[in-house]
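Chain by chain, the residues run as shown.
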Amino acid sequence: MAAVFETQSSFLKSCCFLAVVLALAVCVKGNSEGDALYALRRSLSDPDNVLQSWDPNLVNPCTWFHVTCNGDNRVTRVDLGNSKLSGHLVPELGKLEHLQYLELYKNYIQGTIPKELGNLKSLISLDLYNNNISGSIPTSLGKLKNLVFLRLNDNKLTGPIPRELATVSSLKVVDVSNNNLCGTIPTSGPFEHIPLNNFEHNPRLEGPELLGLATYDTNCS
């Protein structure tokens, strides 16, 4: 009988240990995503206090306003469009590996697009339009194989349209109008079906690429 109790006790201890390990794993995942979003909060000026609920002391950010999570408490949406935010984006956003929608349009965000956004393998929509974002479009965005919507219009972006984006077969909407991009417009892959007015008002953009007849980076630096 003692042996039976000892076996049951060992089993219960094992179960308890496993439960603790699983709970800690959830906390660690939640905290890493919370840390990433809190890094974004620290980099932004928030005059209307829309980020007031973003408390880094919580186990995970799923209770924060403007953040949506899935059933596993992983962040899938960040909705901060038209929120009067200024400041800059942070590379830590690349840690949100389950993020599907990053909505930061119609703000006053400056600085560059972090190349780490190319790590967001689940991303469907990247909406950064109507900001003051400068620098080039990262080539790393070509790794976003689930991306459908890429709206970067009405910013201060420079440089070429990355050829890597032409390999993203899921892309349906690309809008980079009203920037200062240069070079030619890709015509392969998803770009076959993107209307030309989504590229207009880029004074240094030379029009659709003529494959085999013109170099891609003509007059583009």
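Under an unreviewed UniProt entry, the chain has the name Leucine-rich repeat protein 1 and belongs to Datura stramonium.

Once that is clear, we can look at the sheet that holds strand β11 (residues 173-175). Strand-to-strand pairing in sheets goes through backbone hydrogen bonds, with the strands running parallel or antiparallel. Spatial strand order, β2-β3-β5-β7-β9-β11: 6 strands in an open sheet with mixed pairing. On the outer flanks of this sheet lie β2 (67-69) and β11, each paired with one strand and no other. On average, each strand axis in the sheet is inclined to that of its neighbour by 10°, with strand direction left out of account. Pairing of β2 with strand β3 (residues 75-79) involves 3 bridges; the strand directions are antiparallel. Its bridge partner being in β3, Cys 69 is matched across the sheet by Val 75.

Under the criterion given, the structure shown has 2 disulfides. Two residues, Cys 62 and Cys 69, share a disulfide whose sulfurs are 2.1 Å apart. Taking the torsion about the S-S bond as the criterion, the Cys 62 to Cys 69 disulfide, at about -95°, is left-handed. Accessibility expressed as a relative area gives 22% for Cys 62, which makes it partly exposed. Between the sulfur atoms of Cys 182 and its disulfide partner Cys 220 the distance amounts to 2.0 Å. Judged by the sign of its S-S torsion, about 55°, the bond between Cys 182 and Cys 220 is right-handed. Placement of the pair is Cys 182 in strand β12 (residues 180-185) and Cys 220 in the segment after β13 (204-208), with a sequence separation of 38 residues. Here Cys 182 and Cys 220 have matching classes, each one buried. The connectivity of the disulfides in the chain is 1-2, 3-4, where the numbers refer to bonded cysteines in sequence order.

Basis of the calculations
- Residues numbered from 1 in each chain as written.
- Predicted model: local features only at pLDDT ≥ 70, side-chain atom pairs only at ≥ 80, totals over all residues.
- Heavy atoms only, no water.
- Pairing = 2+ DSSP bridges.
- Helix = DSSP H or I, 4+ residues; strand = E, 2+ residues; numbered from the N terminus.
- Axes fitted to C-alpha atoms, helices over the stretch in contact; angles between N-to-C directions.
- Disulfide = S-S within 2.5 Å.
- Buried < 20%, exposed > 50% of the residue type's maximum accessible area, 1.4 Å probe, protein only.

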